[in-house]
Amino acid sequence: GGSQHQSIFLEQDGYLRMFDVSAILWPSGYLLAQCLANPARCGMKDLLDRSLYSHYRDSHHSAPYAIELGAGLGLPSIALVLHLKKRRKDVNDSAMFSVVATDVQAHAVALSMSNAWHNDAAEIDHEILNFTDIDSAGNLAKKYSTTSPDGQHPGFSLVLGSSLQAFFEDSLDPQCQLWQTL
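Note that the structure is a prediction, hence the values are computed from the model and not measured.

**Structural notes on helix 5 (residues 134–143)**
Here's step 1: When we look at burial in helix 5, the residues that qualify are Ile 134, Ala 137, Gly 138, Leu 140 and Ala 141. Take helix 5 and look down its axis: the buried residues cluster within an arc of 160°, on one side only. For helix 5, the exposed residues lying more than 90 degrees away from the buried face are Asp 135, Asn 139 and Lys 143.
Here's step 2: Buried positions along helix 5 lie against strand 1 (66–68), strand 2 (99–103), strand 3 (124–128) and helix 6 (177–181).
Here's step 3: In this structure Asp 133 caps helix 5, since a side-chain oxygen of it lies 3.2 Å from the backbone nitrogen of Asp 135.

Given below as structure tokens:
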């Protein structure tokens, strides 16, 4: 069996804005997208399969499958959606899923929306979000989830972001307030 490759069309912002690089492709976003497009090749297959299983296992879980923080152009979200669509087709699964791509910059969200449309990734919702504001992140998590029988908001099965460590000193800690909120 040969390797199958899929091209993704990306539109970037042609303007250089001082201290605003949200509408250009970051190397870390490119690498994350590579892993999400082919999790087995990147050693992430088990992680993705476990989070998928937990997402669909809970019948009350109607929140989107994943959220991408600081999505910019939306490449990782697009790569994940295209991978999930292929997986769903390969295993003849009719389960629905969606991904939420967020960014603090409205022009980046607009580019992400356009890129999703050009790549047949309609399963992506787009939101303006400053993820360093925990209250805003919590409100977004509540917006996209329903209350489970135990009164909890199930949150997202997968939280994506490239280069987030600069924003949170405790981002490697699973008990980090942001991870607990989402």
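**Quick notes on unusual backbone geometry**
Here's step 1: Phi at Asp 120 takes a positive value of approximately 55°, unusual for a residue other than glycine.
Here's step 2: Position of Asp 120 among the secondary structure elements: in the loop between helix 4 (106–118) and strand 3.

**Overview of the side chain of Ser 22**
Here's step 1: By secondary structure assignment, the location of Ser 22 is in the segment before helix 1 (27–37).
Here's step 2: Ser 22 gets classed as buried once you look at its relative accessible area, which sits at 12%.
Here's step 3: Filtering out sequence-adjacent residues up to four positions away, Ser 22 remains in contact with Gly 72, Leu 73, Asp 103, Gln 105, His 107 and Ala 108.

**What about the nonpolar core?**
Here's step 1: Membership of the largest hydrophobic core comes to 24 residues, with the highest contact counts inside it found for Leu 36, Tyr 65, Leu 80, Ile 124 and Leu 158.
Here's step 2: Within the residue set of this core, elements represented by two or more residues are helix 1, helix 3 (75–90), strand 2 and strand 4 (158–160).
Here's step 3: When residues no more than four places from it in sequence are discounted, the contact partners of Ile 124 are Ser 77, Ile 78, Val 81, Val 99, Ala 101 and Ala 116.
Here's step 4: In this structure, Val 100, Ile 134, Cys 176 and Leu 182 belong to the second largest nonpolar core, which totals 15 residues.

About the thresholds
- Position numbers for residues start from 1 in each chain and track the written sequence from start to end.
- The model is predicted, so local features are restricted to residues of pLDDT at least 70 and side-chain atom pairs to those at 80 or more, both for listing and for counting; the totals for chains, interfaces and linings are taken over all residues.
- The side-chain values count all of the structure's non-hydrogen atoms but skip hydrogen atoms and water molecules.
- Only protein chains enter the accessibility calculation, which uses a 1.4 Å probe. A residue is then buried if its area is under 20% of the maximum for its type, exposed if over 50%, and partly exposed in between.
- Under the scheme used here, helices are H or I runs from DSSP no shorter than 4 residues and strands are E runs no shorter than 2 residues, and both carry numbers assigned from the N terminus.
- What the arc covers is the set of directions going from the helix axis to the C-beta atoms.
- Contacts between residues were defined by any pair of non-hydrogen atoms, one from each residue, lying within 4.5 Å.
- The term polar contact refers here to a pair of N or O atoms within 3.5 Å; inside protein, the definition further demands a hydrogen-donor-capable atom paired with an acceptor-capable atom, and it admits residues adjacent in sequence only when both atoms are side-chain atoms.
- What we call a nonpolar core is a set of buried Ala, Val, Leu, Ile, Met, Phe, Trp, Tyr and Cys residues that are connected through their side-chain atoms within 4.5 Å.

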